[in-house]
Amino acid sequence: MRSLGLCSLMFLVIVVCSTELTFELPDNDKQCFYEELQNGVKFDLDFQVIAGGNYDVDCFVTDPVNNVLYQERKKQYDSFSHTTTMKGTYKVCFSNEFSTFSHKTVYLDFRSGEERPLLPDMNRDTALTQMESACLSIHEILKVVSDSQTWYRLREAHDRIRAEDLHERVSYWSIGETIILFTVSIGQVLILRSFFSDKKGSVSANT
């Protein structure tokens, strides 16, 4: 059993618990992650298969009494949001049991909780000052930058793995072609030598 209880605090005003991880999912296998959540807590789930087979995986989410909240089969990527209706342990599972020979690499991003206001008096009726507006703008831009960096990292990992797989196939194909070329060349030399050996033998017999 693995726990998703990794909380990241930014500027001491965010109470969102967030976990990002990349894990290997072998063929004919299933991995589940567990998180203890209170009642009325919103959580978000994002996942993407970045390597392996057809880049697909089964995913399902259940509540503490095993009611299925989300279930999708053979998905490459997807997102899911839900607000809990009871306190307890929620389970997120990824299954590769439909695959008999290819293992997968899966990226998972799990977030729970709500973000508190960046400023203590953000909910006041008066307008924000220029400094407060600038802080909020920078905060939103930083969140966009963080999301963009995550997306680019996933794209880079996906493209790198595909490039390495293509390089491996090209290498094996080149080695096979080289072996065939040497085999054909040696065969041609032996055939030509046999022609000259037969001709030399017949000339010796005539003399």
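The model shown is predicted, which means the values in this text are computed figures rather than measured ones. (Residues numbered from 1 in each chain as written. Predicted model: local features only at pLDDT ≥ 70, side-chain atom pairs only at ≥ 80, totals over all residues. Heavy atoms only, no water.)

Considering the overall build of the protein
- For the protein, the count of helices and strands is one helix and nine strands.
- Along the protein, from the amino end to the carboxyl end, the secondary structure elements read β-β-β-β-β-β-β-β-β-α.
- By residue count, 30% of the 207 residues in the protein fall in the buried class.
- In the protein, the proportion of contacts linking residues at least 24 apart, taken out of those at least 6 apart, comes to 74%.
- Entry remark: accessible area of the protein is about 14100 Å², with carbon and sulfur atoms responsible for 58%. (Helix = DSSP H or I, 4+ residues; strand = E, 2+ residues; numbered from the N terminus. Buried < 20%, exposed > 50% of the residue type's maximum accessible area, 1.4 Å probe, protein only. Contact = heavy atoms within 4.5 Å. Areas by Shrake-Rupley, 256 points an atom, 1.4 Å probe, with all protein chains shown as cover.)

Here we look at the pattern of salt bridges
- For the coordinates displayed, the defined rule picks out six salt bridges.
- Between Asp46 and Arg111 there is a salt bridge, with its nearest N and O atoms 3.0 Å apart. Of the two residues, Asp46 sits in strand β4 (residues 42-51) while Arg111 sits in strand β9 (residues 104-112), which places them 65 residues apart along the sequence.
- Of the charged contacts, one joins Arg169 and Asp165 as a salt bridge, the two residues approaching to 3.3 Å between their closest N and O atoms. In this pair, Arg169 and Asp165 are both assigned in helix α1 (residues 130-206), four residues apart and thus about one turn of the helix distant.
- Overall, the relative accessible area of 58% leaves Arg169 in the exposed class.
- Taking relative accessible area as the criterion, Asp165 reaches 36% and is therefore assigned partly exposed. (Salt bridge = Lys/Arg side-chain N within 4 Å of Asp/Glu carboxyl O.)

Points about the state of the cysteines
- Here the structure, examined in full by the defined rule, presents one disulfide.
- Cys59 carries a free sulfur, and the closest cysteine sulfur to it, the one in Cys93, is 8.2 Å from it.
- The class of Cys59 is buried, set by a relative accessible area of 1%. (Disulfide = S-S within 2.5 Å.)

Quick look at unusual backbone geometry
- One non-glycine residue, Asn66, lies in positive phi territory at about 65 degrees.
- By the element assignment, Asn66 lies in the loop between β5 (57-62) and β6 (68-75).
- Overall, Asn66 belongs to the exposed group, its relative accessible area being 56%.
- In this structure, Lys74 takes a positive phi of about 50 degrees despite not being glycine.
- Positionally, Lys74 belongs in strand β6.
- The exposure class of Lys74 is exposed, given its relative accessible area of 53%.

A look at the UniProt feature "transmembrane region" (unreviewed entry) in the protein
- Feature annotation in UniProt assigns "transmembrane region" (unreviewed entry) to the following positions: residues 170-192.
- Along residues 170-192, the helical share is 100% and the strand share 0%, with 33 Å between the first and last C-alpha atoms. (UniProt positions renumbered as here; feature names shortened; annotations may be inferred.)

Structural notes on the layout of surface pockets
- Quantified by volume, the second largest pocket comes out at close to 200 Å³.
- Lining the second largest pocket are Glu24, Ala51, Gly52, Gly53, Tyr55, His103, Thr105, Ile161, Arg162, Asp165 and Arg169.
- With four residues, the top contributor of residues to the lining of the second largest pocket is α1.
- Of the residues contributing to the lining of the second largest pocket, the split by class is three nonpolar, four polar and four charged. (1 Å grid on protein atoms, 1.4 Å probe; cavity = no way out; pocket = protein on both sides within 12 Å on 5 of 7 lines; lining within 4 Å. Points joined across faces, edges and corners; volume = space filled by probe spheres on them. Nonpolar A, V, L, I, M, F, W, Y, C, P; charged D, E, K, R; others polar.)

Details of a nonpolar patch on the surface
- On the surface, a nonpolar cluster with roughly 470 Å² of combined accessible area is contributed by Ile191, Leu192, Phe195 and Phe196.
- Positionally, Leu192 belongs in helix α1. (Patch = residues over 30% accessible without salt bridge, like charges linked within 9 Å, V, L, I, M, F, W, Y side chains within 5 Å.)

Overview of the side chain of Asn96
- Along the chain, Asn96 turns up in the loop between β8 (88-95) and β9.
- Filtering out sequence-adjacent residues up to four positions away, Asn96 remains in contact with Leu25, Pro26, Asp27, Asn28, Asp29, Ser102, His103 and Lys104.

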